[in-house]
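# Overview (structure and organization)
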Amino acid sequence: MEYDFTAIEKKWQKYWDENKTFKTEYQPDKPKFYVLDMFPYPSGSGLHVGHPEGYTATDIVSRYKRMKGFNVLHPMGWDAFGLPAEQYAIQTGTHPSVTTKQNCDTFRRQIKALGLSYDWDREINTTDPSYFKWTQWIFSKLFNTWFDPGIQKGRPICELSIPDFIKSLGEKGIRQYIDSKRLAYYDNAQVWWCGNCKIVCANEEILNDGSHEKCGTKEVVRKNLKQWMLRIPHYAERLLTGLDTLKEWPESVKDMQRNWIGKSTGAEVDFIVDQTDIKLKVYTTRPDTLFGATYMVVAPEHELLNKLVIEEKMAEVALYIKAASLKSDLDRTELAKEKTGVFTGRYAINPVNNEKIPIWVADYVLMGYGTGAIMAVPGHDTRDFEFAKKFDIPVICIMDPINAESGLREKVLKGEACWTEDGEYINSSNSENELDINGMNKQNGILTITNWLEEKNLGMTAVNYKLRDWLFSRQRYWGEPFPVVHWEDGEITLLDNEELPLELPVLENFQPGEGGESPLANATDWLVVTDRNGRKGRRETNTMPQWAGSCWYYLRYIDPANDKVPFSAEKEKHWMPVDLYIGGAEHAVLHLLYSRFWHKVLYDLGIVSTDEPYKKLYNQGMILAFAYETDSGSKVPSDLVDEKDGKYFHKETGEELKQIVAKMSKTLRNVVNPDDVINSYGADSLRLYEMFMGPLDATKPWTENGVKGVFNFLCRAHRFFADMNNISNEKDDQEVMKVLHQSIQKITSDIDNLKFNTAISQLMIFTNLAIKKGKVSLKTAKTFALLLSPFAPHLGEELWNLYGGGKTLSFEPWPQFNEKFLKEDTFEYPISFNGKLRFKIYFPLNADREEIEKVVLRHEKAQKWIEGKQIKKVIVVPKKIVNVVVI
RNA sequence: GCCCGGAUGGCGGAACUGGUAGACGCGCUGGACUUAAAAUCCAGUGGACAGCAAUGUCUGUGUGGGUUCAAGUCCCACUCCGGGUACCA
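Residues numbered from 1 in each chain as written. Chains lettered and ligands numbered in written order. Predicted model: local features only at pLDDT ≥ 70, side-chain atom pairs only at ≥ 80, totals over all residues. Heavy atoms only, no water.

Right, let's get into the overall build of chain A. Secondary structure assignment for chain A yields 30 helices and 39 strands. Projecting the C-alpha coordinates of chain A onto the three principal axes gives extents of approximately 100 × 90 × 65 Å. Here chain A holds 887 residues, and 54% of them are scored as buried. Pairs at least 24 residues apart make up 70% of the contacts formed inside chain A by residues separated by at least 6 positions. (Helix = DSSP H or I, 4+ residues; strand = E, 2+ residues; numbered from the N terminus. Buried < 20%, exposed > 50% of the residue type's maximum accessible area, 1.4 Å probe, protein only. Contact = heavy atoms within 4.5 Å.)

So, in structure tokens, the structure goes:
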């Protein structure tokens with residue numbers, strides 16, 4: 001009987017589809033399990049083999065949990081807004097919604113061909129107005145929320161109390177005050193603009209060398225445009241501390257988020273500017289190095305800069321500011337770049353010793369972090385050191401690197417090298433103001449000086465975060481429209497909830513508007529609004545970024561058809577949090593941080609019931625492919641490569657090539673298409689292979705032979721288990737029962753730990769034994785079908801059906817292992833001498849140490865190792881090992 | 001530079017809280033079936049050495065040290081590879 005995988009897979013996919021086998025009903029009395037995939041962007045090129053990896057993993061867990069009696073929520077949908085469909089529209093005039101629909105259809109067909117147990121009735125699409133209605137609704141919530149730092153909580157804007165001095169400013173002042181507190185606000189911000197494409201780009205589209213990834217030109221500049229921003233830094237502390245509660249997240253992801261949030265503790269210190277009444281505030285993490293400060297730097301954008309500069313330096317400084325403003329952030333931060341700067345002609349007074357230090361302007365200080373001004377300590381900060389060396393500014397060593405190697409220590413003490421580590425302070429006292437930290441270490445120094453600053457009212461402890469406001473608008477057509485009107489008098493109002501969704505206008509011209517505006521600027525009818533009083537307004541032409549839809553989609557799956565509210569509160573309470581979330585590591589920071597941020601806001605507003613959305617997170621690894629390169633490192637497309645005796649040669653030049661592992665790419669011609677794999681080996685083989693390749697989180701290269709290997713296993717399994725001649729009425733022998741129950745135990749715990757590769761190897765071990773035995777009982781064969789089914793569901797169902805098990809095995813109870821079959825009464829002890837294994841002896845499990853020791857030492861084979869030596873001791877580890885130590 | 005992660009046969013990878021390294025699969029070798037091949041089945045397979053052989057000895061988890069009766073696993077130093085991030089004061 002042949003393994004006709006195509007027929008089997010079609011048959012069961014049709015069955016699941018028609019019977020809605022995996023439709024999830026709301027059953028509050030049953031334990032729930034919510035398994036989520038990071039939903040895909042449906043690109044035009046269809047599924048690649050990377051997609052099924054995560055999807056198969058979650059599918060295995062879903063099927064397993066169903067059999068374990070859980071009510072499983074396992075949905076799929078489309079993150080379908082995005083640039084490619086819009087660019088295609090610019091080129092061809094095809095509306096993005098048409099392209100999007102086609103792509104979704106392809107993705108759905110391909111995903112269904114994998115036999116994944118999604119509840120397709122819950123399918124969502126971020127471009128669907130019935131979906132983005134609620135994305136807009138959440139935006140309104142963000143707009144109408146402020147963060148109360150006192151209780152570290154988001155609150156409705158109507159609960160914001162207005163200070164009296166603001167009230168006295170009148171309506172406009174009040175409005176400005178309120179706007180300055182909203183989590184969503186509208187303000188000038190810099191964006192990337194590609195002069196070649198005449199389009200605004202996202203940060204991630206700008207490559208490290210400053211070129212635009214789409215067109216390759218370097219005509220990318222910064223432009224100042226009015227933008228929507230979200231005040232995510234207000235939630236920095238919550239987002240940070242929340243990480244500690246996520247016990248089932250990979251440490252690496254949490255570390256990346258911590259780094260991204262970038263909390264640092266230090267002090268703000270006020271410096272008086274000599275001969276002025278200006279106070280210059282700096283932020284430093286090293287207030288202990290104040291005695292070593294030999295100059296100060298302010299960022300070119302610093303608001304006090306113009307007031308600071310002395311007359312004679314005005315022109316030079318103005319020139320410098322101009323030059324800096326033309327540089328992109330990238331130029332400014334490019335490594336190995338020579339530092340630049342200009343002296344302002346002004347001096348500041350160092351509060352610890354009243355010495356005058358020059359104030360410079362330099363673009364290595366960024367306006368967006370801290371106070372935009374620093375005290376520079378070249379002796380103990382590498383950047384300041386570089387700058388000081390270049391401009392001949394004195395370097396004072398105030399910390400003796402007592403543990404450094406002597407040559408370096410000499411240099412540091414002379415100010416010829418920079419030392420940033422711990423040591424012992426020197427030159428750090430001033431008797432006039434009773435400050436002395438000489439001899440202390442870094443930790444005490446920081447503490448002492450900070451206390452001193454606070455006492456003297458010169459500074460205070462301060463905390464800073466690297467996390468910046470989130471630029472939340474894109475100058476694009478194919479995104480969620482903002483439910484916003486800009487009125488001619490400057491007021492911004494939101495649409496009423498009843499007016500949502502605000503749909504996109506139908507356009508024929510998708511070219512960007514003038515001056516960096518989105519194509520929506522062309523939709524004049526849609527754009528202009530007039531209110532009841534004849535006041536004219538204009539809709540927002542920006543749209544939301546792609547992150548918006550993916551920030552909350554896991555909530556919509558809970559109640560996808562609800563048109564009254566985004567989701568019912570009762571159902572939300574039942575299903576949340578997501579129990580298992582699997583996706584690529586590329587979303588470790590942005591998507592997961594943004595999504596956590598929105599969730600926390602919704603939580604504060606009482607809209608969701610949990611503080612964190614995702615209980616367990618797991619990153620699947622990337623699937624790579626073999627590629628080939630010449631000695632000089634140039635890549636050779638895979639179809640130009642011949643293999644001979646494990647070596648690789650260029651088909652045309654005959655040159656020997658190196659096999660390397662690389663990302664699949666069209667240019668390397670090593671892309672594997674899941675459709676092809678399914679046609680040749682079936683979906684079960686594809687699923688099984690992707691899980692068998694290695695640990696789920698590892699990056700691993702695809703090999704055709706590997707697929708053949710698991711295909712071969714499924715053929716063997718089918719040949720044996722689908723042949724009723726091999727299924728007997730008799731009881732299985734002890735060995736079969738033992739391995740069967742070992743398999744149940746191992747596969748169960750492996751699925752719980754997402755170790756699918758070893759679970760599959762156990763299925764193979766059992767199959768090998770069954771084939772060797774020639775017959776197994778019906779009960780055992782049924783158990784095997786159940787164990788196999790999460791991994792290879794089509795074959796699992798087919799066997800189950802063959803054994804007369806009923807309609808579908810999807811809700812059959814998961815097999816339980818019985819300890820009694822695993823019990824052994826003897827153990828084969830490895831006997832080692834001085835740690836080296838020499839031979840083995842069986843002992844009954846209840847044999848005591850003395851007895852084992854006696855038998856081992858008397859054993860014939862032992863004499864060889866004992867002879868002429870002294871037995872120092874004998875170590876017996878029950879059920880593990882015996883080690884005889886001789887000298 | 002900084003922060004993570006990794007390195008085990010020809011290849012992908014196993015190895016519980018330190019206790020028989022190399023499970024399972026691929027590849028390879030030999031054999032059976034076949035006119036032949038494919039498919040299938042059986043056996044072998046880290047390396048070196050000795051032996052006709054069963055077998056035996058040595059060696060072996062990136063490198064160098066250490067702890068331990070015992071180290072792939074723990075500690076210290078280093079090399080290489082992958083990911084993230086970068087004038088964040």
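This brings us to the nonpolar core. Across soluble globular proteins, nonpolar side chains have a tendency to be buried as a group. In this structure, Trp598, Trp702 and Phe721 are the most contacted members of the largest nonpolar core, which totals 168 residues. When residues in this core are grouped by element, the largest group, nine residues, is from helix α23 (residues 704-721). Those residues in contact with Trp598, other than ones at most four positions away along the chain, are Thr135, Ile138, Leu142, Leu230, Trp470, Phe472, Ala548, Cys551 and Trp552. Among the nonpolar cores identified, the runner-up in size contains 50 residues, and Leu290, Ile374, Ile398 and Ile449 belong to it. (Core = buried A, V, L, I, M, F, W, Y, C linked by side-chain atoms within 4.5 Å.)

Put simply, Leu500 and Pro501 share a cis peptide bond, and its omega is 0°. Here Pro501 lies in the loop between β23 (492-494) and α16 (524-527). Of note, the amide linkage connecting Met576 to Pro577 takes the cis form, showing an omega dihedral of 0°. In this structure, Pro577 sits in the loop between α19 (569-575) and β26 (580-584). The backbone of Asn427 shows a phi angle near 50°, a positive value even though the residue is not glycine. With respect to the helices and strands, the residue Asn427 is situated in the loop between β17 (424-425) and β18 (429-430).

One pass over the full model with this rule turns up 47 salt bridges. We note a salt bridge from Arg63 to Asp59, for which the minimum N-O separation is 2.8 Å. Linking Arg63 with Asp59, this pair stays in helix α2 (residues 50-67), spanning four residues, or about one helical turn. In this structure Asp59 comes out as buried when scored by relative accessible area, which is 0%. Taking the shortest distance from any N to any O, the salt bridge between Asp274 and Lys356 comes out at 3.4 Å. Placement of the pair is Asp274 in the loop between β10 (264-273) and β11 (279-284) and Lys356 in strand β14 (residues 356-361), with a sequence separation of 82 residues. (Salt bridge = Lys/Arg side-chain N within 4 Å of Asp/Glu carboxyl O.)

Remark: helix α24 (residues 734-752) packs on helix α26 (residues 778-788), axes separated minimally by 11 Å, with the N-to-C direction vectors making an angle of 20°. Comparing the axis directions of α24 and α26 gives the class roughly parallel. In this structure, α24 crosses over α26, and the sense of that crossing is left-handed. For the pair formed by α24 and α26, the contact residues are Val736, Met737, Leu740, Ile744 and Ile747 on the first element and Thr780, Thr783 and Leu787 on the second. Across the contact of α24 with α26, the residue classes break down as six nonpolar, two polar and no charged. (Axes fitted to C-alpha atoms, helices over the stretch in contact; angles between N-to-C directions. Parallel < 35°, antiparallel > 145°, perpendicular 65-115°, else oblique. Left-handed = near helix turned anticlockwise from the far one by under 90°. Nonpolar A, V, L, I, M, F, W, Y, C, P; charged D, E, K, R; others polar.)

With that settled, consider the side chain of Lys254. Within the secondary structure layout, Lys254 lies in helix α9 (residues 251-261). Overall, Lys254 belongs to the buried group, its relative accessible area being 4%. Apart from residues no more than four positions distant in its own chain, Lys254 is found in contact with Leu243, Leu246, Lys247 and Trp249.

Moving on to the domain arrangement of chain A. According to the domain assignment, chain A contains domain 1 (264-464), domain 2 (623-662), domain 3 (681-820) and domain 4 (824-886). For domain 2 and domain 4, the distance between their C-alpha centres works out to 53 Å. (Domains from an automatic or database assignment.)

What follows is about α9. Within α9 the residues assigned to the buried category are Val253, Lys254, Gln257 and Ile261. Looking down the long axis of α9, one finds its buried residues gathered within 100° of arc, a one-sided arrangement. Those residues of α9 that are buried are in contact with α8 (236-245), α20 (590-604) and β27 (617-620). Trailing α9 by a residue or two, Gly262 shows a phi angle of about 60°, which is positive. (Arc of directions from axis to C-beta.)

On to the sheet that holds strand β39 (residues 881-886), then. Backbone hydrogen bonds are what pair the strands of a sheet, in a parallel or an antiparallel way. If you trace the four strands from one edge of the open sheet to the other, you get β37-β36-β39-β38, paired in mixed fashion. Whereas interior strands pair on both sides, the edge strands pair on one side only; in this sheet they are β37 (836-844) and β38 (871-877). Direction aside, the axes of adjacent strands within the sheet are offset by 20° on average. Taken together, the eight bridges between strand β36 (residues 826-833) and β37 define a ladder with antiparallel strand orientation. Bridge pairing in β37 links Ile831 to Phe839. The sheet contacts of helix α29 (residues 849-858) involve β36, β37, β38 and β39, and relative to β38 the element is tilted by about 125°. (Pairing = 2+ DSSP bridges.)

Structurally, Leu183 is set in the loop between α7 (171-179) and β7 (184-194). In contact with Leu183, not counting residues within four places along its chain, are Leu142, Thr145, Phe147, Met229, Leu230, Arg231, His234, Tyr235 and Val601.

Before going further, it helps to examine a nonpolar patch on the surface. A cluster of nonpolar side chains, namely Met724, Leu778 and Leu802, defines an oily patch on the protein surface of about 230 Å² accessible area. Looking at the element boundaries, Leu778 is found in helix α26. Judged by relative accessible area, Leu778 falls into the partly exposed class, the value being 32%. (Patch = residues over 30% accessible without salt bridge, like charges linked within 9 Å, V, L, I, M, F, W, Y side chains within 5 Å. Areas by Shrake-Rupley, 256 points an atom, 1.4 Å probe, with all protein chains shown as cover.)

Let's shift gears to the sheet that holds strand β1 (residues 32-37). A sheet is described by the order of its strands in space; here four strands give the open sequence β2-β1-β26-β27, paired in parallel fashion. Of all the strands in the sheet, the pair left with one neighbour each is β2 (71-73) and β27. Averaged over all pairs of adjacent strands, the angle between their axes in this sheet comes to 20°, without regard to strand direction. Two strands pair when backbone bridges link them, and β1 and β2 are joined in this way by three bridges, in the parallel orientation. Bridge pairing in β2 links Phe33 to Val72.

Here we come to the environment of Arg122. On the secondary structure map, Arg122 appears in the loop between α4 (96-112) and β4 (124-125). Classification of Arg122 by relative accessible area gives buried; the value is 8%. Taking the C-alpha atoms as reference points, Arg122 and Tyr829, 707 residues apart in sequence, are found 56 Å from one another. Engagement of the side chain of Arg122 in a polar contact is seen with the backbone oxygen of Tyr557, the distance being 2.8 Å. (Polar contact = N/O pair within 3.5 Å; in protein donor to acceptor, adjacent residues only side chain to side chain.)

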